[in-house]
Amino acid sequence: MAEPVHASPAHDEHHHEQSFWRKYIFSTDHKVIGVQYSVTGLAFLLFGFVLMMVMRWNLAYPGEPIPFIGSLLGENRAPGGIMLPDFYNELGAMHGTIMVFLGVVPLAVGGFGNFVMPLQLGAPDMAFPRINMISYWCLFLGGVTMFASFFLPNGAAGNGWTSYSPLADIALNGQTAWLIGMIFLITSSLLGAVNFITTAIQLRAPGMTWMRLPFFCWAQIVTAFLLLLAFPPLEAAGVLQLMDRVANTSFFIPEGLVVGGEVVDRSGGGSPLLWQHLFWFLAHPEVYVLILPAMGIVAEVIANNSRKPLWGYRSMVYSLIFLGFMSFIVWAHHMFITGMGSVMSTFFQTTTMIISIPSVIILSALFISLWGGSIRYNTPMLFALGFLPMFGIGGLTGLPLGLSAADIPLHDTYYVIGHFHYVVAPGTLFALFAGVYYWFPKVTGRKMNEFLGKLHFWPSLVFMNGVFFPMMIQGLNGVSRRLADGGITYDFAGEVAGLNRMMSVSAWCLAVAQIPFIINFFMSIRNGEKAGRNPWNSTTVEWLAPSPAPHGNFDQPIEVVRGPYEYSVPGSDKDYVPQAEPAST
Amino acid sequence: MEIPYTVEAHPETGLNNGKIGIWLFLTSEVMLFGALFATFIMLRLGSDGNWAAMQAEAELNIPLATLNTAVLIASSLTMVMAWASLMRGQLGRFKLFGWLTVACGGVFLVIKYFEYTAKFEHHHYPESSTFLAIYFAMTGLHALHVIGGMAWNAYFTGPGSKLFHTNRQWLTDRVEHSGLFWHFVDLVWIFLFPVFYLL
C-alpha cells in the first residue's frame, strides 16, 4: 500500500485511486485528517504526561537524583541526575502548553470535531477540505517547533504556559521558539474554526434543522466561535512579545525595570498587565474550548447508553450558546491579585458567577438524563459517568476562585492547580476517552476490548483523584504552586508536604493504568470485535455510514426526519429510531 | 467528490461556502486588529502624557501617508471594477483592473518602504519609544496583509483566470471574496492613518 500509484492511462477510470501520500499523509478527507489530529493529540498528551511525571519526582523527592532517566538529561538540566529549578520551570511551562494546545485541543476539536461532526451533519466532507489539510499541517509544524525547543542550548520556554511579561520578555531563547510555535498553533485553530462553522451552516443534510443537531455538533460550533474570536488577540499579543524579544521594544516592559540589580536598557512605557489582559482574553474562552467538546461527547454517550432522550435538550443548547458568549467577559477573574482595582474585580466576579449558571444547567441536565434509563455500563459510558462528578468537583471548587476576596489567599496555591486539573484531567480527558471508545468502531470498523477498557477506567478514576484531591488540601494550607521542591523549605507546608509523595505515586500509577488503553488501542485496530454500521444502536446520522466510512461518507442519500435522541419511543419495534430513518407508515 | 455549495448558493442561506468562510475569517481579523488597537489605547493612556511628545519625535510623514491613503482607496475602486468586469464577462477588462489593483498595492508598499527607511535613517527604531513600537507593529502587520492580498489577486488575475473558460461563476465568486479581503485591508489603513498620523 506504500507504493505510489503511477499515472498511466489505465488509471484514468479510477478517479478515487490516490497515491499513498495523498490518501494518508496530505489527505483532504475529513476522516483521515480527524485521525491525524487524534493521533497527534494522543501522542502529545502522553508526552505532556511524561513531562509531568518527571516534575513529580522532584516534588516528592527534592534534591534526589531522578531514577532511570536522570543521567540522560544532561549537565545543564540535571547535574548528577538532580533536577535544577530552571529545568523544573521548563517542564512546567511546556507541560501546560503541550497539554492544552497540542493535546486536548487537537484531540477534542481537531480530532473529534473533524471526524464526527460532518458525519453527524450528514455532510460528504468539510466545506474547505484543502484548508482542513493546511490546518492540520500548521498544527504539526507548531508541535515540531515546541518539541524541538527542548533541544535549544538554553532549553525550552520556562515561563509558565501563561508566559507572563516582563519575565517572558527577558527570558532565554526558548521563549522565542514558544512564540513561533504558538503562532503556528493559532493559525491552525483559526483555519479550523472557519471551516467548522461554514460546514455547520452550509452542509447539513436535508431536514437537519438547527434543533435536530446532535448536542455534540452544537458544542463544536460554539467552540469554533470561541477559537475564531478569542485566538486573534493572543496572536497579536504573541507578535508584540516577539517584538519585545527580538526588536527590543517595550510593549510589556515598564519603565525602570530592574533585572539582576541593573536597570534594563529599554525605552520602557509598556504594561505587564496588558499582556495578562490579552492572554486571558484568549485563555479564558480556551478553557471552554477544552470543556465544551467534552460535554458534547458525554451528552452523546449518555443519551445512547441510558437509552433515553437527553433531558432538556433545548435548554442545554441555549445554555451552551450563553456560555460561549459569557466566556468572553470573564477573563480578568484570573487577574484578581494583579491590583487592577476593586471596580474591575467586582465586574468580573459578577460575570463569573453568572457563567456558572449555564454550566450547572448542562451538568444537571446530563445527570437528570440518567434518571429512569436502562443504563448500559460499557466502557464509553463508564468514562462519561466518571466525567460527571469529576467535572462537578472541578466546577464547584472554581466558585471560591471566582470571588475576588476568596481568590486572593487561594490564587497562588495548589488549590488552583487542583481545581483546574479536576476540570481538565478527570473531566475533559475522561470525556475524550469516552469518545475514543465510542467512535473507535466508526473509524476502524472494530470495537475496542471491553475488559481492557474497564481495566483502564477503574484505576484511572482512583489515581486521578489520588493526584488531584491532595492538591486541594495542600492549597487550603497555603502551599505555593510555583515551588520546584514542593514547598518543603517552608514551615507552613509542614504536615501537608508529605502528600507530595502520595500524589507522585498516584501519578506514576496513573501512567501504568494507561497501558491497557495503549494495548487496547493498537490491538483492536486489527483484532477487535468486528462492528457493523451501528454497533451501539445509536440514532445519530454518523452510524448510517459504513464503518469505516468511505471517501464521501454515505452510500445512501440522507434525509433527516426527526430529532437526534429518539430512544425508547413508545410503540416503536426497537428502542431507537435513527434520525434519518423514514417514518413507518 | 464535489463539495456542495462551492459555487452555487445554498437555498436557505443564499450564500456559497466561500462567502461565509471569508466573512468568518474577516471577523477574526477584526479581533486581531481590535486587540492591537486596544493595545494602542492602553499604551497611550499609560504614557503619563508623553504620547504627544513621542509622536512629535517620530516625525511621521503626513503627506506621504495621505498619498498612500489615496493609492489604497484607488485600489479598492479598481478591485470593484475588476469584479464588475467579470460579472459582465469581460476577461480583458478584468485582467486590466486586476493588475491595476496589484500595482496599487505595490505602489503603497514602495511608499511605505521609503517611509520606513526615512525613520531608520533618523535612528527611529521600534525600540525607540512605545509609540514607534506600536506604529511599526501595526503598519508592519498591515503591510503583510497588503502583500497577502496582492498575492491573492495576482493569482486570480494571472494563472487562476483560466477558470474563466470553465467555470466563470466560480472565478467571479473567488474574485469577490478576495475583493472583500482587499477592502478590509483598505479599511484597516483608513483607521491606522488618522490614529498614527493625525490624532
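Residues numbered from 1 in each chain as written. Chains lettered and ligands numbered in written order. Predicted model: local features only at pLDDT ≥ 70, side-chain atom pairs only at ≥ 80, totals over all residues.

Participant: Can you help me understand the overall build of chain B in this one?
Facilitator: Across its full length, chain B carries seven helices and zero strands. In chain B, the succession of helices and strands from N to C terminus is α-α-α-α-α-α-α. The principal-axis extent of the C-alpha atoms belonging to chain B is close to 60 × 35 × 25 Å. Counting all 199 residues of chain B, 38% fall into the buried class. Of all intrachain contacts in chain B linking residues separated by at least 6 positions in sequence, the fraction that spans at least 24 positions is 76%. (Helix = DSSP H or I, 4+ residues; strand = E, 2+ residues; numbered from the N terminus. Buried ≥ 20, exposed ≤ 12 C-beta atoms within 10 Å, placed from the backbone. Contact = placed C-beta atoms within 7 Å.)

Participant: For this particular structure, what's the right way to read the overall build of chain A?
Facilitator: What chain A contains, in helices and strands, is 17 helices and two strands. Expected size for 585 residues packed as a compact globule is a radius of gyration near 25 Å; at 24 Å, chain A falls within 12% of this value. By principal-axis analysis of the C-alpha atoms, chain A measures approximately 85 × 60 × 50 Å. Across the 585 residues in chain A, those meeting the buried criterion constitute 56%. Here the contacts in chain A between residues at least 6 apart in sequence split such that 78% fall between residues at least 24 apart. (Rg over C-alpha atoms; globule rule 2.2 N^0.38 Å.)

Participant: When you look at the interface of chain B and chain A in this model, what are you seeing that I'm missing?
Facilitator: Accessible area lost upon the coming together of the parts is a frequently used measure of interface size. Each side of the interface is counted separately: chain B has 30 residues, and chain A has 35 residues. At the level of elements, helix H1 (17–45) and helix H5 (130–157) of chain B are the ones that each hand at least two residues to the side of chain B that touches chain A. Here the side of chain B that touches chain A takes 14 residues from H1(B), the largest share from any one element. Classifying every residue of the side of chain B that touches chain A by side-chain character gives 17 nonpolar, twelve polar and one charged. (Nonpolar A, V, L, I, M, F, W, Y, C, P; charged D, E, K, R; others polar.)

Participant: Looking at this structure, how should I read unusual backbone geometry?
Facilitator: Note: most residues except glycine have negative phi, and most peptide bonds are trans. Residues and elements named next belong to chain A. A cis geometry characterises the amide bond from Ser165 onward to Pro166, with omega recorded as 0°. Here Pro166 lies in the loop between helix H4 (129–148) and helix H5 (167–170). The peptide bond linking Ser547 to Pro548 adopts the cis configuration, its omega dihedral lying at -10°. Tracing the sequence through the fold places Pro548 in the segment after helix H17 (515–527).

Participant: It is not clear to me how helix H4 (residues 91–121) of chain B should be interpreted in this structure. Could you clarify?
Facilitator: Note that an α-helix has 3.6 residues per turn; residues three or four places apart therefore point the same way. All names here are of chain B. End to end, H4 covers 45 Å across 31 residues, agreeing with the expected 45 Å (1.5 Å per residue, within 8%). Buried residues in H4 make contact with helix H3 (62–87), H5 and helix H7 (168–198). Just downstream of H4, His123 is the residue with a positive phi angle, here 60°. (Expected span 1.5 Å × (residues − 1).)

Participant: Can you help me understand the environment of Val343(A) in this one?
Facilitator: Residue and element names in this part refer to chain A. In this fold, Val343 is placed in helix H10 (residues 342–370). In this structure Val343 comes out as exposed when scored by C-beta crowding, with 8 C-beta atoms within 10 Å. Spatially, the C-alpha atom of Val343 lies 34 Å from that of Gly487, the residues being 144 residues apart in sequence.

Participant: Before we go on, may I ask you to explain the nonpolar core in this structure?
Facilitator: Side chains that are nonpolar tend, in soluble globular proteins, to be buried together. Ile197(A), Val298(A) and Ala434(A) are the most contacted members of the largest nonpolar core, which has 224 residues in total. The greatest single-element share of this core, amounting to 22 residues, is contributed by helix H7 (residues 215–246) of chain A. The residues contacting Ile197(A), other than those within four sequence positions of it, are Ile221(A), Ala224(A), Phe225(A), Leu228(A) and Leu24(B). (Core = buried A, V, L, I, M, F, W, Y, C linked by C-beta atoms within 7 Å.)

Participant: What is the right way to read the packing of H7(A) against H1(B) from this model?
Facilitator: Axis separation between H7(A) and H1(B) bottoms out at 8 Å; the angle between their running directions is 45°. As the angle between them shows, H7(A) and H1(B) are arranged oblique. Crossing of H7(A) over H1(B) shows right-handed handedness. Residues Leu228(A), Leu229(A), Pro232(A), Pro233(A), Glu235(A), Ala236(A), Ala237(A) and Leu240(A) of H7(A) touch H1(B), and the partners they reach there are Leu24(B), Thr27(B), Ser28(B), Met31(B), Leu32(B), Ala35(B), Leu36(B) and Thr39(B). (Axes fitted to C-alpha atoms, helices over the stretch in contact; angles between N-to-C directions. Parallel < 35°, antiparallel > 145°, perpendicular 65-115°, else oblique. Left-handed = near helix turned anticlockwise from the far one by under 90°.)

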